[in-house]
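Chains, contacts and geometry: an overview
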Amino acid sequence: MRPFALEMADTPAAATNYATQSAGTYLAGGTVLLDLMKLDVIEPQTLVDINALADTYGAIEADDDGITLGALVRMAEAERHPAIRRDYPVIRDALWQAASPQLRNMASLGGNVLQRTRCSYFRDVSWPECNKRAPGSGCAAIGGNNRRLAVLGVSDHCIASYPGDFANALVALGAEVGLRSADGSERRVPFEDLHRLPGDTPEMETNLVPGELITAFHVPAGPWTRRSLYRKVRDRTSYDFALASAVVALHLEDGVVAAARIGLGGVAATPWRAHEAEAALTGRPLDEAAAEHAAEAAFAGAVTHGGNDFKPELGRRTLVRALLEAAAMEVLP
Ligand code: SF4
């Protein structure tokens, strides 16, 4: 790890000023950031500790319009919240299946959605070829070890997979993300627009402007939120990243899909909403044939690179299972 300056922000204005003026990197739980600093993957000159802002950005508020999760809420705290457990079970599922209890006690929701890929070439600086870490250097994973990497949203410059779980629930549920800029202005954008596809600039992972701070996530209420779940397939059953995962939230009327919200994890370059699968299901009774049809639609655009040839099939099976389990859920009125 390299030397760095540490600024302690005690107001939102101080945080965004520090981050803007010194090109600082925000520090909350530090569970990803410090890891990458120790590996020399990133070398920030300045860290801006925002943990003192928990009074402003550390609450969970639920009402008839939806639920707002402050960016400094810890993962474990959100997972235990009664409104989430009752009305948004997919968020609870996605949180408790991510990382170890120790990490979930530390990690903030804002930091969690910004976690970086687990591509081994990105995390190991002895590999010179990685367009995400060293723009223009190439991609060692194309033609290399890519078993865990993405098949949706990839480019010729990067096939890294987005590793998170919680973000897949946010994207499927049509959440918005609240942002605060250095001039004090605030804006909300669809969560689906927060992350960028790799294209020919894989080093640019989000649409955040320099110094912009994530303040909250706003998840709208909907008749699908209680019938929702997250299914995650991984090499080992705890503390591992998804090979494939599926978020499903359904509004059924007499067994027919009135509305579906579907997200995919472990298989895509960003948190991934499967709009084609949602459209394929809407208006149909949810049986095995309909689920398989939706899964085909979800992976119609998949591109594989040898080591990850198995992923479209695994992803389809994961989604079919999640859809059928969601349809069979007992749901509170
Ligand atoms: Fe780097 Fe992306 Fe290629 Fe991995 S897949 S080596 S992160 S450019």
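To be clear, the structure that these remarks concern was listed above.
Residues numbered from 1 in each chain as written. Predicted model: local features only at pLDDT ≥ 70, side-chain atom pairs only at ≥ 80, totals over all residues. Heavy atoms only, no water.

**A few points about the side chain of S108**
Take S108: it is sitting in the loop between α7 (101–106) and α8 (109–113). The exposure class of S108 is buried, given its relative accessible area of 4%. Within the structure, S108 has its side chain in polar contact with the backbone nitrogen of G111 (distance 3.0 Å). (Helix = DSSP H or I, 4+ residues; strand = E, 2+ residues; numbered from the N terminus. Buried < 20%, exposed > 50% of the residue type's maximum accessible area, 1.4 Å probe, protein only. Polar contact = N/O pair within 3.5 Å; in protein donor to acceptor, adjacent residues only side chain to side chain.)

**As for the pattern of salt bridges**
All told, the structure shown has 24 salt bridges when counted by the stated rule. Here R123 makes a salt bridge to D35, at a shortest N to O gap of 3.4 Å. Here R123 is found in helix α9 (residues 120–123), whereas its partner D35 is found in helix α2 (residues 33–38), with 88 residues between them in sequence. Judged by relative accessible area, which is 18%, R123 ranks as buried. Residue D35 is classed as partly exposed on the basis of its relative accessible area of 28%. When the shortest N-O distance is used, the salt bridge between E79 and R104 registers 3.0 Å. Of the two residues, E79 sits in helix α4 (residues 75–80) while R104 sits in helix α7, which places them 25 residues apart along the sequence. (Salt bridge = Lys/Arg side-chain N within 4 Å of Asp/Glu carboxyl O.)

**Quick word on the nonpolar core**
As a rule of thumb, nonpolar side chains are buried together in soluble globular proteins. Residues I91, L109, V113, F166, F191, F217 and V219 are the most contacted members of the largest nonpolar core, which totals 40 residues. Those residues in contact with L109 that sit more than four places away from it in its chain are L69, G70, A71, V73, M75, A78, L95, F166 and F217. Formed by 30 residues, the second largest nonpolar core is a distinct cluster that contains V151, L229, A244 and L319. (Core = buried A, V, L, I, M, F, W, Y, C linked by side-chain atoms within 4.5 Å. Contact = heavy atoms within 4.5 Å.)

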